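# Geometric and topological summary
Given next are the chains, with one letter for each unit.
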Amino acid sequence: MSTTIGAVRPLREEFRLARLSPRCESPLHLATSPFVQPTTFLAFRLVFAAYVVILLVTSGITQADGRWFIFLTNWTFLVLCVSLLSNAAVCFYDLYSEQAGKDGGAVVRGEWRWFHSLHQTLYTTAATMGLVVTVLYWSLLDPQSDIVNISTHAINSVIILIDLCISDTTVSVLHVLYTFALAVVYAIFSVIFTVSGGLNPNSGENYVYSILDWNGRPGTAILYTLITILIVVPIFHGVTYLLYRLRLRVAAKLKSAPSAVSVSPAPPGKVALEEVV
């Protein structure tokens, strides 16, 4: 288990400009869990990454004409896939560098590197936007029940929530700007796609989603875009932040809790157990 459980910072510190940086207190927070052993945690992340990669390939094969990239679901699922691969890579690097340190190698465990910043950015964006896409899909669109749609609009969020609850990765309030950036870029893309005459490969309509019909109903499209970016995204980033704070408190309590029993010296052949009062 991680020996570097993050501290619960006062909420006011979350709004310092320094918190905009993807750096956290230690890169070990990105690669460890306060609840399970490092090898077990690495296995979790490898399984999650493998599952998402298989689904990504399957989804791409079913829409191999290039229009796979027009859907926000696929944008966020791609970010999730890269994020989970980086999750596993960072865990593996941490285990490797720990062993290298024991062997007297040059790798320094706990040294912040550029890929830690990339990982933190991807992690935050994938977590928040994945939850947003899941809620928007099941509440506003016409959901399909095939395995690919269930995996990209439901199981994706299950994976996100599990990792948020068991990992030691930091979530910062101001990192919501990373998700804002992705949402704004997609909104601009959807405008360009629609006004340039692009067609949805599934419906044949001149829009990606009916709520983003910039030609037929621009007012509705603007309204949904603003609500998503200014209200829905902050709400679900707040959910990820609250889960992060809750996990820190639970981990801290478990770390400070006394053992149920302790072993005291006893004559050879006898073991004395003394309850901790």
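Described below are features of the structure shown in this document. (Residues numbered from 1 in each chain as written. Predicted model: local features only at pLDDT ≥ 70, side-chain atom pairs only at ≥ 80, totals over all residues. Heavy atoms only, no water.)

## Details of helix α6 (residues 176-195)
Its 20 residues give α6 an end-to-end C-alpha distance of 29 Å, which sits within 8% of 28 Å, the value for a rise of 1.5 Å per residue. Three or more residues of α6 are buried, namely Val 176, Tyr 178, Thr 179, Leu 182, Ala 183, Tyr 186, Ala 187, Ser 190, Phe 193 and Thr 194. Directly beyond the C-terminal end of α6, a positive phi value near 90° is found at Gly 197. (Helix = DSSP H or I, 4+ residues; strand = E, 2+ residues; numbered from the N terminus. Expected span 1.5 Å × (residues − 1). Buried < 20%, exposed > 50% of the residue type's maximum accessible area, 1.4 Å probe, protein only.)

## Quick look at the pattern of salt bridges
Here the structure, examined in full by the defined rule, presents two salt bridges. Residue Arg 45 is joined to Asp 163 by a salt bridge in which the shortest nitrogen-to-oxygen separation is 2.9 Å. Here Arg 45, found in helix α2 (residues 38-62), pairs with Asp 163, found in helix α5 (residues 147-166); they are 118 residues apart in sequence, far enough to count as distant. Look at Asp 163 and you get buried, because its relative accessible area is 3%. The closest approach of N and O atoms between Asp 168 and Arg 247, which form a salt bridge, is 3.9 Å. A residue pair is termed long-range when its members are at least 10 positions apart, and Asp 168 in the loop between α5 and α6 and Arg 247 in helix α7 (residues 218-256) qualify at 79 residues. Summarising the burial analysis for this pair, Asp 168 and Arg 247 share the class buried. (Salt bridge = Lys/Arg side-chain N within 4 Å of Asp/Glu carboxyl O.)

## Things to note about the packing of aromatic side chains
Centre distance and the angle of the planes are the two values used to describe a pair of aromatic rings. Inspection of the entire model under this criterion finds 11 aromatic pairs. Between Trp 68 and Phe 69, the ring centres sit 4.9 Å apart and the planes meet at 80°, which makes this aromatic pair edge-to-face. The exposure class assigned to Trp 68 is buried, which follows from its relative accessible area of 6%. Phe 69 sits in the partly exposed class, given a relative accessible area of 48%. With centroids separated by 5.4 Å and ring planes inclined at 45°, the aromatic side chains of Trp 75 and Phe 189 adopt a geometry described as tilted. With Trp 75 in helix α3 (residues 72-102) and Phe 189 in helix α6, this residue pair connects regions lying 114 residues apart in the sequence. Three or more aromatic residues joined by ring pairs form one cluster here, namely Trp 75, Tyr 186, Phe 189 and Phe 193. (Phe/Tyr/Trp six-rings, centres within 6.5 Å; stacked < 30°, edge-to-face > 60°.)

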